[in-house]
Structure formats: C-alpha cells, structure tokens
Amino acid sequence: MYGTLKRWPVDKMRGIAQAHFVCVGMIVVASQVASGFWSLEVVQLLLIIIPLLFVVIPFENWISAHIARETLVKYIYVLLIIFGGLLFFR
C-alpha cells in the first residue's frame, strides 16, 4: 500500500516484494530447521517446488509486462484480501 501511495513503479514494488519474501522465507526455513520441524517429506517437496520457480518467475515477469499498472495493483489487492480472509477463517 505504501508503494502505491508513493506511486512507485511496478518494477520497484515487485522487486521490493520479492526481496521481502525471500528474506522472510529464509528466516522461516532456518527457524523451522532449528526447531526440528523438517522431515524427509518436507525436503522432497522442496526439491519439487524449487525447479518450478524457474517457470513461475519468468511467467510472472511476462504477465506484469503485459498488464497495466493499475490493473496489476487491483489484482494484488484482491489476492491479499482473499489470502487474508482464508487466514482469518482458519
């Protein structure tokens, strides 16, 4: 929301969001490993998911290059509301 109010370019907002989620993800993974939550099944799933990132990230870049900034921001807000609602009702 802050980036939208400041009218940052979409590339800047996307870069900041990606950097944020990479950092948070690494902290979450490190804390879960330290707590002993990881098993062989989790590692196997991770080995499946990591190669998929090489497909998803270029696809996301292609989509963001073909959608207007205002439309992209609306999609992001809708997804945030949906995910927030899912977390709230769980």
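Cut-offs applied
Residues numbered from 1 in each chain as written. Predicted model: local features only at pLDDT ≥ 70, side-chain atom pairs only at ≥ 80, totals over all residues. Heavy atoms only, no water. Patch = residues over 30% accessible without salt bridge, like charges linked within 9 Å, V, L, I, M, F, W, Y side chains within 5 Å. Areas by Shrake-Rupley, 256 points an atom, 1.4 Å probe, with all protein chains shown as cover. Salt bridge = Lys/Arg side-chain N within 4 Å of Asp/Glu carboxyl O. Helix = DSSP H or I, 4+ residues; strand = E, 2+ residues; numbered from the N terminus. Buried < 20%, exposed > 50% of the residue type's maximum accessible area, 1.4 Å probe, protein only. Phe/Tyr/Trp six-rings, centres within 6.5 Å; stacked < 30°, edge-to-face > 60°. Expected span 1.5 Å × (residues − 1). Contact = heavy atoms within 4.5 Å. pLDDT = per-residue confidence, 0-100.

Chemist: What am I meant to see in a nonpolar patch on the surface here?
Modeler: A cluster of nonpolar side chains, namely Leu 45, Leu 46, Ile 48, Ile 49, Ile 50, Leu 52, Leu 53, Phe 54, Val 55, Val 56 and Ile 57, defines an oily patch on the protein surface of about 1,000 Å² accessible area. In this structure, Leu 53 sits in helix α3 (residues 40-66). The class of Leu 53 is partly exposed, set by a relative accessible area of 41%.

Chemist: What is the right way to look at the packing of aromatic side chains in this model?
Modeler: For any two aromatic rings, the description comes down to two numbers: the centre-to-centre distance and the angle of the planes. This structure, assessed with the given rule, holds 2 aromatic pairs. Measuring from ring centre to ring centre gives 5.3 Å for Phe 88 and Phe 89, while their planes differ by 80 degrees; the resulting arrangement is edge-to-face. Of the residues examined, Phe 88 reaches a relative accessible area of 66% and is grouped as exposed.

Chemist: Teacher, can you tell me more about the environment of Ile 82 here?
Modeler: Examined against the element boundaries, Ile 82 turns out to sit in helix α4 (residues 69-89). Spatially, the C-alpha atoms of Ile 82 and Gly 15 are 22 Å apart, while their sequence positions differ by 67 residues.

Chemist: Can you walk me through helix α2 (residues 10-35) in this structure?
Modeler: The first and last C-alpha atoms of α2 sit 37 Å apart over 26 residues, in line with the 38 Å expected at 1.5 Å per residue. Summarising the contacts, the buried residues of α2 are in contact with α1 (2-5), α3 and α4. Taken from the residues just after α2, Gly 36 is the one with a positive phi, measuring 85 degrees.

Chemist: Just to check I follow, could you spell out the confidence of the model for the chain for this structure?
Modeler: Atomic detail in the predicted coordinates should be set aside for any region of low pLDDT. When pLDDT is averaged along the chain, the result is 84, and 100% of the positions lie at 70 or above. At the low end of the mean pLDDT range in the chain sits α1, at 74; at the high end sits α4, at 89.

Chemist: Can you help me understand the environment of Ile 76 in this one?
Modeler: In this fold, Ile 76 is placed in helix α4. For Ile 76 and Thr 4, which are 72 residues apart along the polypeptide, the C-alpha to C-alpha distance reads 11 Å.

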